[in-house]
Structures are given as structure tokens and as C-alpha cells.
Amino acid sequence: MELFDTSKSILQEIKLDEATFGKVKLLVKRDDLIHPEVSGNKWRKLKYNIELAQFQKKDGILTFGGAYSNHLLATASACNRAGLKSIGLVRGEELNTSSNENLKRCSELGMELKFISRAEYDDRNDKIAQEAWKEEYPFYLLVPEGGSNFYGMAGCQELWKELPDEVDHLFVAQGTTATSCGLAAGRKEHTCMHVVPALKGFDALREMRKLLFPFLVDPDAIEESLSRVEVHPDFHFGGYGKWNEELLDFIRFCEQTYDLPLDKVYTGKAFFALIEWLKLQQFQTPQTVVFLHTGGLANG
Ligand SMILES: Cc1ncc(COP(=O)(O)O)c(C=O)c1O
């Protein structure tokens, strides 16, 4: 089932000056162009979750997110198009359906929003809490925050089919790690993956192991897929949802110079990391570097 057309996600070449960056072919995989609301990695992570909900004859999907969550909006929009219902458990009991444009739009798309306390939200990945939610909503498939489960990873793994064979380096922003785990699990042998956490003090490889372990039970296979993952931990700009003028200037520069729109929570930071890394490499042998644009533009 293809609700959204991933062929809209082009490979955009960014021309870089060889004197500054060395011999590099930089391509941006524009997953942000898939759909304005189900953009970037969102459709990749939702695709098999939606198929599963339909296969299990569920009424819809129950999932989690903060007030500005790209994932909540994408779930509301994709479920709407798939003819499924959706429920969003939103962090913050003081909020309501018109607290911001994101929540308003989720609600317009038919998502039933339930506002829960921060303490309750903190239990979103707790097995006992999840069992209680499943009991309360038996006709809904429970999908974790950020679409971060096996089906989410499987959808992201498929992305390799749309990339050229000769990718030397692939850069991706990281939140829950589902996107990077799916990509790492399907990594071509010669490709080095680079992950850029949007969170401060985030132990990227530990989090990736935690997500991969239940599905790839062979520890050697996990270590093998993580062996060529390089973490760039110093580009969080103060932490999740934080930014400064330097980042905003950089985002404006990329939009004007490369015709590349980036967001300030994930892709702006990851692309910044990539550019800084490239300047240090000064490759003398030609390299193909791909940046995965994971979207995030709907919420600025
Ligand atoms: C725009 C954007 N980029 C990157 C990410 C990080 O993806 P993941 O949570 O799969 O690590 C997210 C969160 O889903 C996101 O909204």
C-alpha cells in the first residue's frame, strides 16, 4: 500500500567549492518533499504500522507526542488518508485542541487528542503502562512516540533502495533513533553512517542498541551494523528544541544559497554537522556523501 508517493523525494545535488570542501559529491535525499504533513522520515516510519493496523483490522492508531510533535501530525494525516481513526496522547494536561496550530490541525484531521500529565507521559514506554493503554483502547494499534518500533525501522531500512549504490557517507539527524537504526540495519558494507543527535548528552549507540536488540537478537549482527556508525554529539545547540543565531543564520544561508529548506530542531543541526565535518576532511579522492532530509518543516 502506497498512500504517499516517495518518488517525490528527489536527490538534490548541492554544489560545493572544491577548495573548501575537497572532492565531494553532496546529495540531499529530499524526503521532506514526500508530503507537507507526512514528511521526511514520518511516512517511512508509519507505512508498515498503518499496514499492520489494517491487517489486524484495528479501528486506528494510538500514539504519543508533545504539543509540537511532527509525528502526531503525520499520524493524524496518514490515518485520515488511510481511513483509520487516530488517538494522540499529548504531553501536558494544561493543553487543549486549540493550544497551537499543530494540535489544531491534528484535531481537524480527526485525531482525538487526550492530554495527559507529564508523569503519565514519562511512562509511555513502560510495559505495564502500555498494557493498560492497550486494555483501554483494544481497537487501536499502539505505536510508540516517533513511530519508533520494528515497523518504523523496517520502513526506514527500505530507503536504501532509493539511494545510489556508491554512497560513501550517509548523514542523518537523530531523535528516537528509529530512522538511524533502520538505516544501520540495511547499511551497505562500504557506507559509513553518521548520526547527529538533536538531544544533549544523548548516548546514541546505547539507544540504538536498545532499539535494535529485541529485533536483531544476534549481538554480533548489532555490533556489526553499528561498527560503521559515527556519532557527532556536539551539534545539539544547547539541547532538544534549542537553537541560537548561528544556527538560524546557517539555515537562512542554506535556503538562499543551496535552495535547501531546513528546520531548526533536527535537520538544520545535522546539516550543520555535515558541513563542519566536510571542511575537516578535505577529501582528495572523490566521495559521495548523502544527507537524508528527514522533514520537520511543518512545525517551522
Ligand atoms: C524532522 C525530524 N528529523 C529527524 C527525526 C529523528 O528521527 P528518529 O526519531 O527516528 O531518530 C525526527 C523525529 O522523528 C524528526 O521529526
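These figures come from a predicted structure and were not determined experimentally. (Residues numbered from 1 in each chain as written. Predicted model: local features only at pLDDT ≥ 70, side-chain atom pairs only at ≥ 80, totals over all residues.)

The helix and strand inventory of the chain stands at twelve helices and ten strands. A compact globule built from 300 residues would reach a C-alpha radius of gyration of about 19 Å, and the chain, at 19 Å, matches this within 12%. The C-alpha extent of the chain, read off along each of the three principal axes, is 60 × 45 × 35 Å. Scored against the burial criterion, the 300 residues of the chain give a buried share of 45%. Sequence separation of 24 or more characterises 71% of the internal contacts of the chain that already satisfy a separation of 6 or more. (Helix = DSSP H or I, 4+ residues; strand = E, 2+ residues; numbered from the N terminus. Rg over C-alpha atoms; globule rule 2.2 N^0.38 Å. Buried ≥ 20, exposed ≤ 12 C-beta atoms within 10 Å, placed from the backbone. Contact = placed C-beta atoms within 7 Å.)

This brings us to the nonpolar core. Counting 45 residues, the largest nonpolar core has Leu170, Phe171, Val172, Cys181, Ala184, Ala270 and Phe291 as its most contacted members. In contact with Ala270, other than residues within four places in its own chain, are Phe171, Val172, Ala173 and Val196. Listed in part, the 29 residues of the second largest apolar core include Trp43, Phe64, Ala78 and Leu103. (Core = buried A, V, L, I, M, F, W, Y, C linked by C-beta atoms within 7 Å.)

Bringing the packing of helix α2 (residues 41-55) against helix α7 (residues 150-157) into the picture now. Two numbers describe how α2 lies on α7: the axes approach to 7 Å, and their chain directions differ by 125°. Judged by the angle between their axes, α2 and α7 are oblique. In this structure, α2 meets α7 at a crossing whose hand is right-handed. Seen from α2, the contacting residues are Asn41, Arg44, Lys45, Lys47, Tyr48, Asn49 and Leu52; seen from α7, they are Tyr151, Gly152, Ala154, Gly155 and Cys156. Grouping the amino acids of the contact of α2 with α7 by side-chain chemistry returns five nonpolar, four polar and three charged. (Axes fitted to C-alpha atoms, helices over the stretch in contact; angles between N-to-C directions. Parallel < 35°, antiparallel > 145°, perpendicular 65-115°, else oblique. Left-handed = near helix turned anticlockwise from the far one by under 90°. Nonpolar A, V, L, I, M, F, W, Y, C, P; charged D, E, K, R; others polar.)

Taking 1.5 Å per residue, 15 residues should reach 21 Å; α2 reaches 22 Å between its end C-alpha atoms and fits that length. With respect to burial, α2 is a largely interior element, eleven of its 15 residues being buried. Buried residues in α2 make contact with β3 (60-65), α3 (70-82), β6 (140-142), α7 and α8 (178-185). Positive phi appears at Lys57, one or two residues downstream of α2, with a value of about 55°. (Expected span 1.5 Å × (residues − 1).)

To continue, consider the domain arrangement of the chain. In terms of domain boundaries, the chain breaks down into domain 1 (6-36 + 150-293) and domain 2 (41-147). The centre of domain 1, based on its C-alpha atoms, is set 26 Å off from the matching centre of domain 2. Contacts between the two partners involve 13 residues from domain 1 and, on the opposite side, eleven residues from domain 2. With five residues, the top contributor of residues to the side of domain 1 that touches domain 2 is α7. Here the residues of the side of domain 1 that touches domain 2 sort into six nonpolar, six polar and one charged. (Domains from an automatic or database assignment.)

The six strands lie next to each other as β1-β2-β10-β7-β8-β9, forming an open sheet whose pairing is mixed. Among the strands making up the open sheet, the edge pair consists of β1 (11-14) and β9 (229-231). Adjacent strand axes in the sheet meet at a mean angle of 25°, parallel and antiparallel pairs treated alike. Note: β1 against strand β2 (residues 22-30), four bridges, orientation antiparallel. Pairing of Gln12 across the sheet is with Val28, part of β2. The sheet contacts of α8 involve β7 (169-174), β8 (192-197) and β9, and relative to β7 the element is tilted by about 155°. (Pairing = 2+ DSSP bridges.)

Among the residues of helix α4 (residues 101-108), Asn102, Leu103 and Cys106 are the ones counted as buried. Down the axis of α4, the smallest arc covering the buried residues is 95°, so these residues share one side. Turning to α4, the residues buried within the fold contact α3, β4 (85-91) and β5 (111-116). Phi for Gly110, located one or two positions after α4, is positive at around 100°. (Arc of directions from axis to C-beta.)

What follows concerns the site of the ligand. Surrounding the ligand, one finds 20 residues, the nearest of these being Gly175, Thr176, Tyr266, Thr294 and Gly296. Elements that contribute at least two residues to the shell around the ligand include exactly α3, β7 and α8. Counting residues per element, the shell around the ligand draws most heavily on α8, which supplies three residues. For the shell around the ligand, the class distribution of residues is three nonpolar, 16 polar and one charged. Residues from two domains meet in the shell around the ligand; each of domain 1 (6-36 + 150-293) and domain 2 (41-147) gives at least three. (Near = placed C-beta within 6 Å.)

This paragraph deals with the sheet that holds β5. Ordered by their spatial adjacency, four strands build an open sheet running β5-β4-β3-β6, and the pairing between neighbours is parallel. Each edge of the open sheet carries a strand with a single partner, namely β5 and β6. Direction aside, neighbouring strands of the sheet carry axes that sit 25° apart on average. In this sheet, β5 lies alongside β4 in parallel orientation, the contact comprising six bridges. Directly across from Ser86, in β5, lies its bridge partner Met111.

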